[in-house]
Number of protein chains: 2
Amino acid sequence: MTDGTLRIGEVAERAGVSCRTLRYYEELRLLAPSGHSAGGARRYTEEDVGRLLRIRELQEVMGFDLEEIGAILGAEDRLAELRSEWHGGARPERQEEILAEAVKINDRLRQQVREKRAKLDEVMADLEAKARRYRELARRSKTPG
Amino acid sequence: MTDGTLRIGEVAERAGVSCRTLRYYEELRLLAPSGHSAGGARRYTEEDVGRLLRIRELQEVMGFDLEEIGAILGAEDRLAELRSEWHGGARPERQEEILAEAVKINDRLRQQVREKRAKLDEVMADLEAKARRYRELARRSKTPG
DNA sequence: GCTCTATCTTACGTGCACGTCAACTTCTGG
DNA sequence: CCAGAAGTTGACGTGCACGTAAGATAGAGC
């Protein structure tokens with residue numbers, strides 16, 4: 001604990017989730033701790049916490065299920081892995097393929113965010129229309145004479 | 001069917017849900033058909049369809065569960081019911097109370113929509129940063145010399 | 001060394017939002 | 001009038017995302 005790593009309980013509290021949730025995400029291969037203690041306890045880094053927050057964001061804000069999130073993170077992971085061996089230069093065809101996959105997923109995600117924004121604006125317009133009607137009702141109610 | 005009412009299957013298809021879903025919403029007192037046929041088949045109006053679409057919107061866009069949605073629609077229903085007997089003038093104290101409730105829920109909803117929008121913007125900024133990095137990678141990959 | 005809290009694995013339980021099957025009735029086109 | 005599609009009420013099943021309890025082990029403080 002004197003080093004920079006975090007135990008599962010600390011990570012869970014930071015992200016507002018339970019320890020069970022972290023173990024479940026690990027089971028689904030969404031988030032593995034960067035290391036373990038000698039006795040086998042999970043040790044998380046700040047980067048791991050960031051990944052967890054990203055998962056939660058995609059889940060709560062975008063409404064994706066964990067399988068979709070796994071696909072999204074998986075594509076980014078493959079690309080990141082590729083980057084580390086990029087100048088080592090494996091197979092350029094495979095590089096193009098993986099980058100194209102990441103770009104495709106990124107495009108699709110941005111489109112979905114735009115759509116969600118549009119729907120959100122619709123909901124907001126609806127609510128504001130209702131708010132105006134409420135104010136009108138309140139005005140009539142307060143000046144009965 | 002020569003009149004304006006719709007059967008459950010037509011309503012379900014329009015909203016992209018199943019008949020089971022409609023019966024389930026009725027069980028939860030979220031959406032009751034405006035009428036029934038002589039034999040007991042549910043008959044929905046266009047207004048009912050609108051309410052269904054509203055439910056779906058709150059569910060999918062805002063991520064509310066059906067109990068929350070019931071509370072939201074319930075407050076609006078009570079206010080609408082009150083409006084119809086408004087100039088009949090029941091008890092003005094009760095009127096104020098119900099209007100205040102509707103306004104409170106409306107305020108809270110608008111706040112939640114704003115928060116969701118802010119989070120969506122964060123996600124979008126994240127995605128766009130990634131997209132820029134992808135384009136940079138593609139540029140390097142295509143001009144290896 | 002000892003205690004007490006945190007974490008470990010394993011496994012069954014839970015709440016929500018429906019899906020699905022059965023047996024029956026109702027509606028609709030010909 | 002009648003076949004077939006669509007609708008009805010139960011009632012049990014399902015998938016997801018965890019919750020929870022049990023029993024063992026590990027780690028921090030005194």
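See the structure printed just above.
Presented here is a report on the structure given in the accompanying data block. Predicted model, so just to flag it, every value in this text is computed and none were measured.

1. A closer look at the interface of chain B and chain A
Right, so step 1: The partner chain A presents 27 residues to the 27 residues of chain B that form the contact.
Right, so step 2: Of all the secondary-structure elements, those providing two or more residues to the side of chain B that touches chain A are α3 (46–60) and α5 (92–142) of chain B.
Right, so step 3: Of the residues that constitute the side of chain B that touches chain A, the class distribution is 15 nonpolar, four polar and eight charged.

2. Structural notes on the relation of the copies chain B and chain A
Right, so step 1: Relative to chain A, chain B is turned by 180 degrees and slid 0.0 Å along the rotation axis, the superposed coordinates differing by an RMSD of 0.1 Å. With respect to symmetry, the two chain copies, as superposed, fit the operation of a two-fold axis.
Right, so step 2: When you check the interface residues of chain B against chain A, 100% turn up at the interface there too, and the contact is symmetric in its surfaces.

3. Side note on the packing of helix α1 (residues 8–15) of chain B against α3 of chain B
Residue and element names in this part refer to chain B.
Right, so step 1: Running from N to C, α1 and α3 cross one another at 40 degrees; their axes reach a closest spacing of 10 Å. Taken as axis vectors, α1 and α3 run oblique relative to one another. Here α1 and α3 pass one another in a crossing that is right-handed. For the pair α1 and α3, contact is made by V11, R14 and A15 and by D48, V49, L52, L53 and R56, respectively.
Right, so step 2: Taken together, the residues that form the contact of α1 with α3 break down as five nonpolar, no polar and three charged.

4. Things to note about the protein's contact with DNA strand C
Right, so step 1: The local shell around DNA strand C holds 21 residues, among which G9 and R42 of chain A together with S18, G39 and D65 of chain B are the closest.
Right, so step 2: Contributions of two or more residues to the surface near DNA strand C are made by α1 (8–15) and α2 (19–27) of chain A together with α2 (19–27) of chain B.
Right, so step 3: Each residue belonging to the surface near DNA strand C can be placed in one class, and the counts come to eight nonpolar, seven polar and six charged.

5. Structural notes on the packing of α1 of chain A against α2 of chain A
Helices that pack against each other are described as a pair by the angle of their axes relative to one another and the distance between those axes.
Residues and elements named next belong to chain A.
Right, so step 1: Between α1 and α2, the shortest axis-to-axis distance is 8 Å and the interhelical angle comes to 100 degrees. Of the possible angle classes, the one that applies to α1 and α2 is roughly perpendicular. Contacts from I8, G9, V11 and A12 of α1 reach α2 at C19, T21 and L22.
Right, so step 2: Grouping the amino acids of the contact of α1 with α2 by side-chain chemistry returns five nonpolar, two polar and no charged.

Scoring rules and cut-offs
- Residues numbered from 1 in each chain as written.
- Chains lettered and ligands numbered in written order.
- Predicted model: local features only at pLDDT ≥ 70, side-chain atom pairs only at ≥ 80, totals over all residues.
- Contact = placed C-beta atoms within 7 Å.
- Helix = DSSP H or I, 4+ residues; strand = E, 2+ residues; numbered from the N terminus.
- Nonpolar A, V, L, I, M, F, W, Y, C, P; charged D, E, K, R; others polar.
- Least-squares fit on C-alpha atoms with pLDDT ≥ 70 in both.
- Axes fitted to C-alpha atoms, helices over the stretch in contact; angles between N-to-C directions.
- Parallel < 35°, antiparallel > 145°, perpendicular 65-115°, else oblique.
- Left-handed = near helix turned anticlockwise from the far one by under 90°.
- Near = placed C-beta within 6 Å.

Taken by themselves, the reported measurements are silent on function.
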